[in-house]
Amino acid sequence: MQINLEQPILAKNDALAQENRALFAEKHVFVLNILASPGSGKTSTILATIEALRDEFNIAVIEGDIASSVDSEKIKAQGIAAVQINTGGACHLESNMIRKALDVLDLDALDLILLENVGNLVCPTDFDLGENAKVMILSVPEGDDKPLKYPGVFQVAEAVVLNKVDTMPVFNFNEEAFTEAVRQLNPQAPIFRMAATTGEGVDEWAEWLAEKIRAVQ
Amino acid sequence: MHELGLMTGVMSSVTEAARNAGAVRVTDITLSVGEMTEAIQDALEFAFEALSEGTMCEGAKLHINMVRPKSRCQECGAEYEHDRFHMTCAECGSPFTELIAGKEMQIDSIEVDLPD
Ligand SMILES: Nc1nc2c(ncn2[C@@H]2O[C@H](COP(=O)(O)OP(=O)(O)OP(=O)(O)O)[C@@H](O)[C@H]2O)c(=O)[nH]1
Ligand SMILES: [Mg+2]
Ligand SMILES: [Zn+2]
């Protein structure tokens, strides 16, 4: 006997992600899911973004790591609410983990949640968390060929941050080739050149994000 | 990679559907997987073999339809197939396009044996 299922493999994750999304909409919170490799500068970018936007918006951070609370400690040190999720080996965040993290945040008081996904260019891309937008960060030392090796993550991103541009001279990064590859993969995504630790380019990036946050308020 | 997690989800949905139908054994499972997802066919097959051992799915044939990416141009209306790397409209070159196939991760159907 044949049984037609026509059911998404990630049905459970997707259903819970939709619940998260509805909750964010009801509370007028903008949620940004940040995807990138380990060490590319996710936490540094989050810290720079907080500095740029904290006067206008109330911000919280959800940190996803396989282990440790190093990153959430850095955020808390800036006087910003941070929740650490340890995935215990899992290579990506799932929507139920976000749901649990939300229990300790005061959504009524928040405008923006920055979500640092597990450092990985592959696995997080297929998992909807209920976010308003995904962005990806590539850092210059990783090389200009990454869009060709990890197309998926560049395609789900609404914007691409090219971080550590201050190191461009040392790493022989072919920015033209990089920009063209990203344009082929995701023609509508803006690319923000940035150095999170020096502040270069942070304002343009923060303004793009601020527009998005205002739009859901 | 997360194929093991994906197949765990497939197995539990399939087992539930088969049990609800009163089946004793699953003989075929058909999935559709878009080429624009991160799921790899070989890894899915490997995960299925490992997970199905000793279950009602053991020995079932896993059919995976890999779905080619396809987009529709929002400017000229063209629908065109493309590879993973080139999204712009094949007809007019516009960047304003919408993906209409290639992101699937779906259990299409299963074939089960009912008790005699
Ligand atoms: N030169 C330079 N270094 C940077 C920049 N941004 C981050 N770094 C450095 O890169 C290292 C990693 O930065 P993090 O912000 O911790 O990166 P991450 O992606 O959060 O790392 P994980 O969470 O461990 O995956 C740190 O030593 C930062 O100081 C930048 O724009 N320029
Ligand atoms: Mg970090
Ligand atoms: Zn066109």
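Residues numbered from 1 in each chain as written. Chains lettered and ligands numbered in written order. Predicted model: local features only at pLDDT ≥ 70, side-chain atom pairs only at ≥ 80, totals over all residues. Heavy atoms only, no water.

Colleague: For this particular structure, what's the right way to read the overall build of chain B?
Modeller: Secondary structure summary: chain B contains 2 helices and 6 strands in total. In chain B, the succession of α and β elements from N to C terminus is α-β-α-β-β-β-β-β. With the C-alpha coordinates of chain B rotated into their principal frame, the extents come out at 60 × 30 × 15 Å. When the accessible surface of chain B is summed, it comes to about 5,700 Å², and 48% of that surface belongs to carbon and sulfur atoms. Taken as two groups, the 8 positive and 21 negative side-chain charges of chain B have centres that lie 2 Å from each other. (Helix = DSSP H or I, 4+ residues; strand = E, 2+ residues; numbered from the N terminus. Areas by Shrake-Rupley, 256 points an atom, 1.4 Å probe, with all protein chains shown as cover. Lys, Arg positive; Asp, Glu negative; His and termini not counted. Charge placed at Lys NZ, Arg CZ, Asp CG, Glu CD.)

Colleague: Would you mind going over the sheet that holds strand E3 (residues 59-65) of chain A with me for this structure?
Modeller: For sheets, the rule is that strands pair by backbone hydrogen bonds, running either parallel or antiparallel. All names here are of chain A. Pairing is parallel across the open sheet formed by 7 strands, whose spatial order is E4-E3-E5-E2-E6-E7-E8. Each end of this open sheet is capped by a strand with a single partner; those strands are strand E4 (81-86) and strand E8 (191-193). The mean inter-strand angle of the sheet, taken between neighbouring strand axes irrespective of direction, is 20°. With 5 bridges connecting them, strand E6 (residues 133-139) and strand E7 (residues 159-163) associate as parallel partners. In the sheet register, Ile-137 faces E7, and the bridge partner there is Val-161. Where helix H2 (residues 42-53) meets the sheet, its contacts fall on strand E2 (30-36), E3, strand E5 (112-116), E6 and E7, and the angle it forms with E5 comes to roughly 170°. (Pairing = 2+ DSSP bridges. Axes fitted to C-alpha atoms, helices over the stretch in contact; angles between N-to-C directions. Contact = heavy atoms within 4.5 Å.)

Colleague: Can you help me understand the coordination of the zinc ion (ligand 3) in this one?
Modeller: Coordination angles at a metal have ideal targets, namely 109.5 degrees for four tetrahedral donors and 90 or 180 degrees for six octahedral donors. Residue and element names in this part refer to chain B. Within the protein, the atoms that donate to the zinc ion (ligand 3) are Cys-73 (SG), Cys-76 (SG), Cys-89 (SG) and Cys-92 (SG), at distances of 2.3 to 2.4 Å. Of note is the zinc ion (ligand 3), whose 4 donor atoms meet at the metal with angles of 107 to 115° in an arrangement that counts as tetrahedral. Mapping the donors of the zinc ion (ligand 3) onto the primary sequence yields the spacing C-x2-C-x12-C-x2-C. Overall, Cys-89 belongs to the buried group, its relative accessible area being 5%. (Donors = N, O, S within 2.8 Å, 3.2 Å for Na, K, Ca; no water. Tetrahedral: all angles 85-135°; square planar, octahedral: opposite > 155°, others 65-115°. Buried < 20%, exposed > 50% of the residue type's maximum accessible area, 1.4 Å probe, protein only.)

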